[in-house]
Each structure stands twice: as structure tokens, then as C-alpha cells.
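Summary of the model geometry
One-letter residues, chain by chain:
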Amino acid sequence: MDPITNPYAPGAGAPPPELAGRDALIEQVRIATERVRIGRQAKSVLMIGLRGVGKTVLLDRMRSDAEAAGIETLRIEAPEGRSLPAMLAPQLRLALLRLSRREKAGDLAARGLRALAGFAKSLKLKFADLEVGIDLEPEPGLADNGDLEHDLQALLEAAGEAAQAVGTVLALYVDELQYVPEDQLAPLITALHRCAQRQVPVMLVGAGLPQLPGQMGRAKSYAERLFAFHFIGPLDATAARDALEVPAAALGVRFEPAATEAILRATEGYPYFLQEWGKHAWDVAPASPITRDDRTRPGPAPLRRRGRGPRPQGHRDGAHPRAADRKGHGLEPQPRRHRVHRADVRCLPAPDHARRGLARGVRAGRPQLRRPTPRCSSHRPNQPRASTKASITA
Ligand SMILES: Nc1ncnc2c1ncn2[C@@H]1O[C@H](COP(=O)(O)OP(=O)(O)OP(=O)(O)O)[C@@H](O)[C@H]1O
Ligand SMILES: [Mg+2]
């Protein structure tokens, strides 16, 4: 079918055409944010999961929903090797400038900008990458001790008070939080704790890999009480079906039930793989419905996997991770319960390939999802053969 209208979006942080199976969590975070807005107790939120399960797209959806509800948001992606103050300061400045344009917050936002100036000036020596525009002169004694723990607390409190003046929340959306070093996580946790104690409306919605809860706990032992940890896993069968079929149905295209089942089995409900398989199925299908067809298809199966079906799933939304996840990073190779014929899957992205790649990456200190290198160069998953029919073979 027409690849131009292909609705699927395999990628990193690429919003899916149907964000399936996450409504309950989105609602929980909305409730927490609204509670913070009216001065009620609510925990900051951390979403934990392996690569490709959909943390970034969830974070972005939560943020755009919050903005639509009038929440003042900051979006940060923690890159490896940059300091927390360097990431935070420019975004905080923009938020304070936005708040300063609102009449009721004017003076408090100006105070926040002075706090930011003191913060930047006093920490510049310690964090050489810290650069931020200075709009107002620092106020002596305000966030300018040169000690991150103290100054970040004063800065977030000042900014939060400006948000409070206009009945909103300062919400920090931070992706890849595991890259923030533990000695910088600790001041962030302390600052959030202080704001919560003083009922200043500042909250964090963060996302990170499975090592993040351990890092938070080591940074501050009370972190486990301060945050609501949500473990994001593969989609359950209903959500996975929706992720695959709803985008096609919106364009008048149907999947034969056998084709859907084959894709659900092969992807084990992992969101990235659902997008990838949906995209290829669409591209190779001559017309609707997309079928499972292993007889008329020439050449090696592009999307084929034999075996006894899925292994038990990993952790799901809101559930506790399995013991293995708590022990290590949750990335240890899983026991194989079914046989996968290598020849069939060597060209494919598949969850067990991803886990192996991920586990290797973690051992090497670089946790990341690596797509398996296609072994047959003539048949890469991204470039299905023109002659290949819509074929999904279980
Ligand atoms: N709930 C969902 N339903 C359907 N597709 C989804 C869902 N969540 C994520 N996806 C798709 O999965 C892919 C990966 O999503 P995303 O980049 O957000 O994952 P991630 O957990 O942030 O990965 P990483 O840890 O590598 O950053 C994207 O192509 C996205 O469109
Ligand atoms: Mg991400």
C-alpha cells in the first residue's frame, strides 16, 4: 500500500498514531498534577522502563495535556555528560519569563529570575557548562551560596512561588533521568522534597531506564517515598491490538485476525516493535486486508518467526518489576522457552534481539537498544523487497 500514507511511526520519541494502553497512567499523573495545583499532597512521578517501551512519547503526551490545562512546564532531556544545572537553568529562565508576563506573578517571577542569576553566577565555577541569559541582577543571599543542594532548593522554591501566584504548577518533565549523576540527583530530590513540604507547587515527571530507582535510592534514601514509580512494560493484548489496528482502520485498512495475531506473538506487545512491524506490513501489503500469507510469498520470510508463542511478559504498568529487574537492571537475558529459528529472524527487529543488544550495551556501560544488524543485506527490515507480498508468517 501507499508508503506515503503509512501511519506507523517506529522511532525514538516518535508519537505513535495511537498511544495505546496508557490511559490509566496518564490519568493518574493528571490527578497528581491537579492535586499539587490546589496544594494537596501528591508524589512526583517516575516512569521506568526498557528502551522502546514508550517512555518519551508518554512524557510528551503528559506534558502537552498539562500545558493545555494551564500548567507551566519545562521539558528537559538529560544528555550524557551535561550537568543538571546546565540543563535546567535555560528552561527555568524561559518559564520564569513566561510567568513574569502575567500580572499576578510579576514580582515573584522577577524574584525567581534574580534567584536564577545568583544560581548561575555562584555555580559557574563548579559547572563549566552552565550558561544562561541573565535578565536581572542577583539578589545577595538568594540561591547564591555556591552549593548546589542549597541553591537549587532556593531557586525552585522561588520559581514555584511565582507559579503559585497564578494558580498553576511548575512541572519539570525530564527524560533520560538516569544520565543525571547521583551527586546531582540528590540536590534535585532535596529541592523537590522541600517544595512538597512547603506546599510550593513544583513537581517532577521523569523517565528513565530500570537502573533509575536504584540511583535515586542511593542519592537519597527517602526518594522511594517521595516518588511514585511506574514501571512501563509491553502492552497487553488488547492495547497491542489497538496500537496495530486502530491507525490502519482510521485509513480504511483492515488486518486479517491471523495477521494481527502473528504480529502480536512476534512483538510480544513491545511498542517499538509494533510500530516497526505495522509499518512493514503496510508497505508490503498490496491492498486491504493485510493478510498472513506464507504460500505465495517468494524468498525468505521478511517477518517470520517460528515457535511456541510469547514468553511471559515483563512488568506492566503500575506493577512491580520482577525479582530479576530489582536485582540487576532487569536486562539479563531471559530464559528461552521457545525455539526461534535464526534464519527466520536474522533480518528482524524482535524483542529478544533487543534485550540481548541492550544487555550487551549495559555491560559495556552504554545502555541502549541496538537493532540487530541484518545479516542478509539484500533484505533489510526497512527496505522490504518490492516483490514481497503482504506476508506475516507465524
Ligand atoms: N503506547 C504506545 N502505543 C503504540 N506505540 C507506542 C506506544 N508507546 C510508544 N510507542 C512507539 O514506540 C516507539 C518507542 O517509543 P519511545 O521512544 O517513547 O520509547 P522510550 O521508552 O522512550 O525508548 P528509549 O528508552 O530508547 O528512549 C515509538 O516508535 C513510539 O511511536
Ligand atoms: Mg525515550
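Note that this is a predicted model, so its numbers are computed, not measured.

Topic: the overall build of the protein
- Across its full length, the protein carries 14 helices and 5 strands.
- Split into buried and exposed, the 394 residues of the protein put 47% on the buried side.
- A fraction of 77% describes how many contacts in the protein between residues 6 or more apart in sequence connect residues 24 or more apart.

Structural notes on the site of ligand 1
- Ligand 1 sits among 26 residues. The nearest are P16, R51, G54, T56 and P271.
- Contributions of two or more residues to the shell around ligand 1 are made by α2 (55–68) and α11 (271–284).
- The element that contributes the greatest number of residues to the shell around ligand 1 is α11, accounting for 4 residues.
- In terms of domain composition, the shell around ligand 1 takes at least three residues from each of domain 1 (3–12 + 254–363) and domain 2 (23–231).

Digging into helix α7 (residues 212–219)
- Those residues of α7 not exposed but buried are L212, P213 and M216. Viewed end-on, α7 has its buried residues packed into an arc of 100 degrees, placing them on one side of the element.
- Buried positions along α7 lie against β1 (44–48), α6 (182–197), β4 (202–208), α8 (223–226) and β5 (227–231).

Here we look at the sheet that holds strand β2 (residues 72–77)
- Overall, parallel pairing links the 5 strands, which are arranged β2-β3-β4-β1-β5 in an open sheet. Among the strands making up the open sheet, the edge pair consists of β2 and β5. Strand-to-strand twist of the sheet, defined as the mean angle between neighbouring strand axes without regard to direction, takes the value 15 degrees.
- Of the pairings in the sheet, the one linking β2 to strand β3 (residues 170–175) comprises 6 bridges and is parallel in character. Bridge assignment links E72 to a residue of β3, and that residue is L170.
- Contacting β1, β3, β4 and β5, helix α1 (residues 23–37) runs over the sheet at an angle of about 155 degrees to β4.

Re unusual backbone geometry
- Residue S288 is joined to P289 through a cis peptide bond whose omega torsion reads 0 degrees.
- When you line up the elements, P289 lands in the loop between α11 and α12 (323–327).
- In this structure, A143 takes a positive phi of about 55 degrees despite not being glycine.
- In this fold, A143 is placed in the loop between α4 (106–123) and α5 (148–165).
- You can call A143 buried: it has 28 C-beta atoms within 10 Å.
- Although it is not a glycine, E268 sits at a positive phi angle of roughly 55 degrees.
- For E268, the position within the fold is in the loop between α10 (257–267) and α11.

What counts as what
Throughout this description, residue numbers start from 1 for each chain and increase along the sequence as written. Each chain gets a letter, beginning with A, and each ligand a number, beginning with 1, in the order they are written. Owing to the predicted nature of the model, reporting of local features is limited to residues with pLDDT of at least 70; listing and counting of side-chain atom pairs is limited to 80 or more, with chain, interface and lining totals taken over all residues. A run of H or I in DSSP becomes a helix once it reaches four residues, and a run of E becomes a strand once it reaches two; helices and strands are each numbered from the N terminus. Labels follow a simple rule on C-beta atoms placed from the backbone: if 20 or more others lie within 10 Å of a residue's own, it is buried; if 12 or fewer, it is exposed; otherwise it is partly exposed. For the purpose of contact definition, each residue receives a C-beta atom placed from its backbone, and two residues are in contact when these atoms lie within 7 Å. Near, as applied to residues and a molecule or strand, means the residue's backbone-placed C-beta atom lies within 6 Å of it. Residue ranges labeled as domains rest on an automatic or database domain assignment. By definition, the arc is the one covered by directions from the helix axis to the C-beta atoms. For two strands to be treated as a pair, DSSP must find at least two bridges joining them. Comment: axis = line fitted to C-alpha atoms, over the contacting stretch for helices; angle = value between 0 and 180 degrees taken between N-to-C directions.

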